[in-house]
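Here is what each chain is made of, one letter per residue.
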Amino acid sequence: MSLYTIGDLHLHYQSELKAPAQLHDRVWKNHEEKFRKNCSKMIRGEDTLVLVGDHSWGKNLSECEADLQYICDLPGRKILTRGNHDMFWDAKKTARLNDLYQPRLTFLQDGYETYRDYALVATKGFTFEGPFYISRAVRGQRPHGDYAADAQGRIITWDEEAMEHAKKLVEREMQRLRNSFERARADGYQKYILFLHYPPTNILEKRSPFTDIAEEYGAEQVIYAHCHGESRFHDSIQGEYRGRVYRLVSGDYLRWKPLKILD
Ligand SMILES: [Fe+2]
Ligand SMILES: [Fe+2]
């Protein structure tokens, strides 16, 4: 029995593709088929697969039915968490989604699921992603840019208004996360894995409210996705950091192979 994870499938069987990069990038070509094949090779019926958000480009549930059916047809138990593009999923109506799809899919929001003696705790998270004004010398090539050259290659400034808005979203997500940890703890769980959609820190931060809460509750691993394309793979923490293991699991980063994170 194993626990696997991946994020950002960005399926669009019934909806409009909103990321042109997916049309032209080799990594994204037939990615649904690559992922389906990898899952059938790697995942057994007794395994669990946690999909950490951005499942579908559909604007509402009726535009996502084929995408969710594709996920239903993958092997193993499937747990879905919310991403910023999951318009079909209103957090307050999670129970309705579970009524429709249980036992084929589990939609995890405001609570926890279990794997062996672990509580799996998840929330979308939020990270201020700019615009940052930064030299290309530091950030490498990016397809779009809010950049201003600086001779030393330093971040010059960022969008203050967007930063203020981000603080409110982080606050709401922190409260949700804390409630979920408390529920798991009250039920006797002492081992945790934290799943976020957004990276726990942005390129300016060494720590954040999300790394703090992971440390406070002793989450062993912090899983996140959302970062697509070479230029963004190192936006946040990866590997061992202050006693936890941080892992980026966006689908294109993993080349559509789900990552095994526990046996
Ligand atoms: Fe995404
Ligand atoms: Fe995302």
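Relevant structure appears above.
Reference entry: report on the structure contained in this document.

For the bond from Gln102 to Pro103, the omega torsion is 5 degrees, close enough to zero to count as cis. Among the structural elements, Pro103 can be located in the loop between helix H4 (94-101) and strand S4 (105-107). Positioned with a positive phi, Asp54 is a non-glycine residue whose angle comes to about 55 degrees. With respect to the secondary-structure elements, Asp54 resides in the loop between strand S2 (48-52) and helix H3 (65-72). A residue is classified by how many C-beta atoms lie within 10 Å of it, and Asp54, with 24 of them, is buried. Positive phi, normally seen in glycine, also occurs at Arg116, with a value near 50 degrees. Relative to the assigned elements, Arg116 resides in the loop between strand S5 (112-115) and strand S6 (118-123). Taking the number of C-beta atoms within 10 Å as the measure of exposure, Arg116 has 10 and is therefore exposed.

Here we have six strands laid out as an open sheet, ordered S5-S6-S9-S10-S12-S11, and mixed in their pairing. With partners counted over all chains shown, the strands left at the sheet margins are S5 and strand S11 (239-241), one partner each. On average, each strand axis in the sheet is tilted by 25 degrees relative to the strand beside it, whichever way the strands run. Where helix H6 (residues 160-186) meets the sheet, it contacts S5, S6 and strand S9 (191-196), and its direction lies at approximately 165 degrees from that of S6.

What follows covers the pairing of strand S12 (residues 244-248). Along S12, the buried face is formed by Arg244, Tyr246 and Leu248; none of Val245 and Arg247, which line the opposite face, is buried. Two elements, strand S10 (residues 219-224) and S12, share four bridges in a ladder whose sense is parallel. By the bridge assignment for S12, Ile223 is matched with Arg247. Bridge count for S11 against S12 is three bridges, and the pairing is antiparallel. Paired with Gly239 across the strands is Tyr246, a residue of S12.

Parameters at a glance
Residues numbered from 1 in each chain as written. Chains lettered and ligands numbered in written order. Predicted model: local features only at pLDDT ≥ 70, side-chain atom pairs only at ≥ 80, totals over all residues. Helix = DSSP H or I, 4+ residues; strand = E, 2+ residues; numbered from the N terminus. Buried ≥ 20, exposed ≤ 12 C-beta atoms within 10 Å, placed from the backbone. Pairing = 2+ DSSP bridges. Axes fitted to C-alpha atoms, helices over the stretch in contact; angles between N-to-C directions. Contact = placed C-beta atoms within 7 Å.

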